[in-house]
Amino acid sequence: MFASRFRPWLLLAPALLLLAGLLLWPLIRVVLFSLQDYGLREIVSGTSNYIGLDNYAEILGDPTLWTAALPNTVLFAAASVVGTVVFGTLVALLLRSLGGFWRGALGTVIMVAWAMPAVTGTYVWVWIFDADGGIVNRTLMGLGLMDQPVNWFTNPVTFYAIALLNVVHHGFPFVAVTVLAGLLGVPKEMLEAAEMDGAGPIRRFFSVIVPSLRQVFAIVIILSTIWDFKIFAQVYLMPGGAGSNRQVLNMGVWSYVESFGQNRYGFGAAIAVLLTLFLMAITVVYVRTILKEEKNA
């Protein structure tokens, strides 16, 4: 009886120990760093300088958190998740309506966007919106809509609009392929019955498809939320995104700039811990809401 109860855990033990070594221990180290005034002096000497929660108090009292980093992180992540899931779902619906050959061909093409490294994709979007020779500026000036080039990266709104295009372009293939797999599993009889009852395409989608794919949408939303909250390269590599323009800082870039730009590794670790806690709280609330809805259903 005892052996049968703990046999699954014994079988999982090697993988759990590996995950603990790769994930849990680094997380613990970051938390320990966040409780220290840890800089180059501490790295060279190998000493610890614990200051308790002073780093967290300084972060919470820093106007950068409330005026730039936190709003930019939250609003951008929300817009990115909505844009990625909506556009990916529309592409999945398009793929479902195609025949086998064209579905495979188009699916292969869109996966190129997902396979493209974030660094490469970011530089492509920077080139497109470049203030001097970018395609957007040249096109708008050629159409007579602008008299002179515009630097799209100095304004926080246009800066994050470009970053949003970048993130949605890079993330929608995963949503499209995942939702398509779910769509192919929806019984055609249910859709045909709804159509015979007079339900239009939009009504069929929200009344039949969405309830059938609740678990699929939960997965893609949770994963998109995690990915989009910790966006780094798509912001850092854009002009002004590496810290020179403090108005466009997000939590991830702020943590990096403080750690490796100012050599305040403890302060940067504290920012990373706060971001992780905030992300975990959002994920837990969303998962509990989904489970509660399923239980009530």
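Throughout this description, residue numbers start from 1 for each chain and increase along the sequence as written. Only residues with pLDDT of 70 or above have their local features reported here, since the model is predicted, and side-chain atom pairs are shown and tallied only from 80 upward, although totals for entire chains, interfaces and linings are computed over all residues. To get the side-chain values, all heavy atoms of the structure are used, and hydrogens and water are removed first.

### What to know about the packing of aromatic side chains
- The aromatic pairing rule takes the rings of Phe, Tyr and Trp, using the six-membered ring of Trp, and pairs them if the centres are within 6.5 Å, calling planes under 30 degrees apart stacked, those over 60 edge-to-face and the rest tilted. One pass over the structure, following the stated rule, counts 16 aromatic pairs.
- Both rings, one in Trp 125 and one in Phe 129, keep their centres 6.3 Å apart while their planes meet at 25 degrees; by these two values the pair is stacked. Accessibility classification places Trp 125 together with Phe 129 in one group, the buried group.
- Where Phe 205 meets Phe 206, the ring centres are 5.0 Å apart and the plane angle is 85 degrees; that geometry is what we call edge-to-face.
- Accessible area is worked out with a 1.4 Å probe on protein chains only. A residue is then buried under 20% of its type maximum, exposed over 50%, and partly exposed in between. Relative accessible area serves as the criterion here: at 17%, Phe 205 is assigned to the buried category.
- By relative accessible area, which is 55% here, Phe 206 ends up exposed.
- Counting every residue linked through ring pairs, the aromatic cluster contains Phe 232, Tyr 236, Tyr 256, Phe 260 and Tyr 265.
- In this scheme, Lys NZ or Arg CZ marks a charge over a ring once it lies within 6 Å of the ring centre and within 35 degrees of the ring normal. A cation sits over an aromatic face here: Arg 264 above Phe 267, 4.3 Å from the ring centre.

### Considerations on the environment of Gln 247
- In this text, helices come from DSSP runs of H or I with a minimum length of four residues, and strands from runs of E with a minimum of two, each type numbered from the N-terminal end. Tracing the backbone through its elements, the reader meets Gln 247 in the loop between helix H12 (233-236) and helix H13 (251-261).
- Remark: the alpha-carbon pair of Gln 247 and Val 157, spanning 90 residues in sequence, is separated by 10.0 Å.

### What about the side chain of Ser 259?
- Its location among the elements puts Ser 259 in helix H13.
- Using a relative accessible area of 7% as the deciding quantity, one classes Ser 259 as buried.
- Within the structure, the side chain of Ser 259 is placed 2.8 Å from the backbone oxygen of Ser 255, a separation counted as a polar contact. Think of a polar contact as two N or O atoms within 3.5 Å of one another; within protein, one of them needs to be a possible hydrogen donor and the other a possible acceptor, and neighboring residues in sequence only count if both atoms come from side chains.

### A closer look at the confidence of the model for the protein chain
- Chain-level statistics for the protein chain give a pLDDT mean of 87 and a share of 97% at 70 or above.
- pLDDT is a residue-level measure of predictor confidence that goes from 0 to 100. When mean pLDDT is compared element by element in the protein chain, helix H3 (residues 54-60) scores highest at 94, while helix H9 (residues 188-196) scores lowest at 79.

### Comments concerning the pattern of salt bridges
- Salt bridges are defined as contacts in which a side-chain nitrogen from Lys or Arg sits within 4 Å of a carboxyl oxygen from Asp or Glu. A complete count under the given rule lists 3 salt bridges for this structure.
- For Glu 42, the salt bridge is made with Arg 41, and the minimal N-O distance between the two is 3.4 Å.
- Residue Arg 264 pairs with Glu 58 through a salt bridge whose shortest N-O separation is 2.9 Å. Remark: Glu 58 occurs in helix H3 and Arg 264 occurs in the loop between H13 and helix H14 (265-296); sequence separation between them is 206 residues.
- With relative accessibility at 30%, the residue Arg 264 sits in the partly exposed group.
- Given the relative accessible area of 35%, Glu 58 is considered partly exposed.
- One salt-bridge network, in which partners are shared between bridges, spans Glu 58, Glu 258 and Arg 264.

### Thoughts on the side chain of Asn 72
- Assignment of secondary structure puts Asn 72 in helix H4 (residues 63-97).
- The class of Asn 72 is buried, set by a relative accessible area of 14%.
- Contact definition: two residues touch when any of their heavy atoms are within 4.5 Å. Setting aside its immediate chain neighbours within four residues, Asn 72 contacts Tyr 160, Gln 247, Val 248 and Leu 249.

### A closer look at helix H10 (residues 201-212)
- One less than the residue count of a helix, multiplied by 1.5 Å, gives the span that helix is expected to have. If you check H10, its first and last C-alpha atoms are 15 Å apart, about what 12 residues at 1.5 Å a residue would give, namely 16 Å.
- When H10 is considered as a whole, its buried residues turn out to be Arg 204, Phe 205, Val 208 and Ile 209. Burial along H10 is one-sided: seen end-on, the buried residues are contained in an arc of 125 degrees. Away from its buried face by more than 90 degrees, H10 exposes Ile 202, Arg 203 and Phe 206.
- Those residues of H10 that are buried lie in contact with H4, helix H8 (156-183), H9 and helix H11 (214-229). This arc corresponds to the set of directions leading from the helix axis out to the C-beta atoms.

### What about a nonpolar patch on the surface?
- Patches here are clusters of residues that have more than 30% relative accessible area and form no salt bridge, with a 9 Å joining cutoff for like charges and a 5 Å cutoff for nonpolar side chains (Val, Leu, Ile, Met, Phe, Trp, Tyr). Per-residue accessibility takes into account occlusion by the displayed protein chains alone, with areas from the Shrake-Rupley method and a 1.4 Å probe. On the surface, a cluster of nonpolar side chains totalling about 960 Å² of accessible area is made up of Phe 6, Trp 9, Leu 10, Leu 12, Leu 16, Leu 18, Leu 19, Leu 22 and Leu 23.
- Take Leu 19: it is sitting in helix H1 (residues 2-34).
- In this structure Leu 19 comes out as partly exposed when scored by relative accessible area, which is 44%.

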